[in-house]
Amino acid sequence: MSILEDSKTRVNESRAARMKEERALLSPEDKDALIRKFHPDYKKEAYRTIQIGPNQGEQTVHELANLLEGKSPIASEAVSLSPQHQVDLLIIGGGGAGATAALTAKAAGANVLLATKLRLGDSNTVMAEGGMQVAVSAEDSPVRHFLDSLRGGYMKNDPALLKTLVEEGPEVAKWLMDIGVLFDREADGNLSIRGGGGSSKPRLLRCKDYTGLELMRVLKDCVLNEQVELLEFSPIVELLTDGEGACTGAVLKNLDNNQFIVVQAKAVILATGGIGRLHIQGFPTSNHYGATADGLPIAYRAGAKLTLQDTFQYHPTGAVYPEPMAGILVTEAIRSVGAQLVNVKGERFINEMETRDAVASAVIRECAEGRGVETSAGRRGVWLDMPMVDIVNAEGTLAHRFPNMVRQFSRYQIDIQKEPVLVYPTLHYQNGGIQINVDGESTVRNLFVAGEASGGIHGRNRLMGNSLLDIIVYGRRAGRAASKRATEIALGKLTLAHLDQFREAQKKAGVESKTVSPMLFPDYVKKN
């Protein structure tokens, strides 16, 4: 019998004893010590100082710092800035935040152009499984939601942004249902809610384990029905400014013919998503193929301040076996209904309802100290004992509530109703990003940001279920504020003056970057 199969047998044999086991949450001191020793955010050699720009002197990971200090793909003198499109509002990104912003701005009367790197809907939104946190029950309140999120974020959340997020939760949930999102309901017709790690009350609205996909299905239909002008396969490669610090448009790249597209806009919303495909510190990722942090270096070169750019979320339960599934997310909601984390000896080692950073750190600790399970491909992980869900609840619970998980593993002849699966933390979310105010506006005038590209809402650790809420709340707010701005100003002058200033700063600081940013697509070609 292989080591892997032998360990799996121990998991099965220890199940009865673990059902009776009560495992307390960690004390604040023990949790802090665990995270500081094992969480990747505390690995000093993974970080360096940013040498130029609005965050000069601050730290971030090498992968992001290289992009922030990177070269623009545009040579100022080689590009005609004669616009092919003139609009009130240019939205960059076809995920949940971009689509929501487009619908809101269109409803406000703005002339909107939505441009996206791939196709409308290709985004991290469709991959969100667990649900959306909204305080809707009689026992809950936005105040409790605020406090849970603040604790989860280690009190580093922007209070005004977080207050707005939780207070507008019930309103945006109603909006989503009004436009057609089908959240799960109980037999009596009331919304079904579940608990999540780090939350004091159940408040997860969900659509089985397809929540993000369901949201995006409806948003995409609405964008098409409203006939929002679309440019697909047209990523942003640079912003345009008026030479006095205000954003006036952007340069896109047509991926079909590699020609630049110049768009003049009264306001721009960046909804370019996350950073996972940078594979920070070599971690696998749960992120969409296009999640290469495009908005961050572009906004940074234009003068936008970043916040909490040194902190990332590593979801505790990314699959590590079989190899083609490496990095694919196993939703946290499965742990909330009974799935347990177990090491090679068949021992449970953490309360599964700790916050994500604590659970991820505990998994890394087990593997680092020799209590993980090694796959034939050399990856290490621990067991997620999912059959416990059916045992604790009722037979058929997994199939009913988590059909996506059952289907994904069944492709590799793994029945999660009968056997555990191997998991390890996967790079999942950028906690920080471009600094915004409650209207979604960055520190660059007329440049708005929504969704994962923004920073400040979630502090140093996002609570599960708050990202779907974030993209809807701030997609709507950015769409509303940017469309209002468009009624107050005229189209501005188009220049690349900010690029000249950035290059001067590079020269002055002695930064000779070989990196071209934005990256647009991950480089998976093996190099000697």
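Everything below is about the structure printed above this text.
Remember, it's a predicted structure, so these values are computed and weren't measured experimentally.

(A) Representation of the sheet that holds strand 20 (residues 454–455) in the model. Read across the sheet, three strands follow the order 12-18-20 without closing on themselves; strand pairing throughout is mixed. Looking at strand neighbours, the two that pair on one side only are strand 12 (306–307) and strand 20, the edges of this open sheet. Two elements, strand 12 and strand 18 (residues 433–435), share two bridges in a ladder whose sense is antiparallel. Looking at strand 18, one finds that leucine 306 is bridged to isoleucine 434.

(B) The arrangement of the side chain of serine 361 in detail. Mapped onto the elements, serine 361 comes out in helix 11 (residues 356–368). Residues contacting serine 361, with those up to four places away along its chain left out, are Leu34, Ile35, Phe38 and His39.

(C) Looking closely at the pairing of strand 11 (residues 260–270). By the criterion of burial, strand 11 is predominantly enclosed, with 10 of the 11 residues buried. Relative to strand 11, strand 3 (residues 85–92) runs parallel, the two sharing seven bridges. Residue pairing for strand 11: glutamine 86 is matched across the bridge by glutamine 264. Here five bridges tie strand 10 (residues 247–253) to strand 11, and the two strands are oriented antiparallel to one another. Following the sheet pairing, glycine 249 is matched in strand 11 by glutamine 264. Connecting the antiparallel pair strand 10 and strand 11 is a turn made up of six residues, with asparagine 258 showing a positive phi of about 65°.

(D) Layout of the layout of surface pockets. In this structure, the second largest pocket encloses a volume near 470 Å³. Lining the second largest pocket are 20 residues, and of these Leu25, Lys31, Arg151, Gly198 and Thr355 sit closest to its centre. At the level of secondary structure, the elements contributing two or more residues to the lining of the second largest pocket comprise helix 2 (28–38) and helix 5 (142–152). Tallied by class, residues from the lining of the second largest pocket come to seven nonpolar, eight polar and five charged.

What counts, and where the lines are drawn
- Residues numbered from 1 in each chain as written.
- Predicted model: local features only at pLDDT ≥ 70, side-chain atom pairs only at ≥ 80, totals over all residues.
- Heavy atoms only, no water.
- Pairing = 2+ DSSP bridges.
- Helix = DSSP H or I, 4+ residues; strand = E, 2+ residues; numbered from the N terminus.
- Contact = heavy atoms within 4.5 Å.
- Buried < 20%, exposed > 50% of the residue type's maximum accessible area, 1.4 Å probe, protein only.
- 1 Å grid on protein atoms, 1.4 Å probe; cavity = no way out; pocket = protein on both sides within 12 Å on 5 of 7 lines; lining within 4 Å.
- Points joined across faces, edges and corners; volume = space filled by probe spheres on them.
- Nonpolar A, V, L, I, M, F, W, Y, C, P; charged D, E, K, R; others polar.

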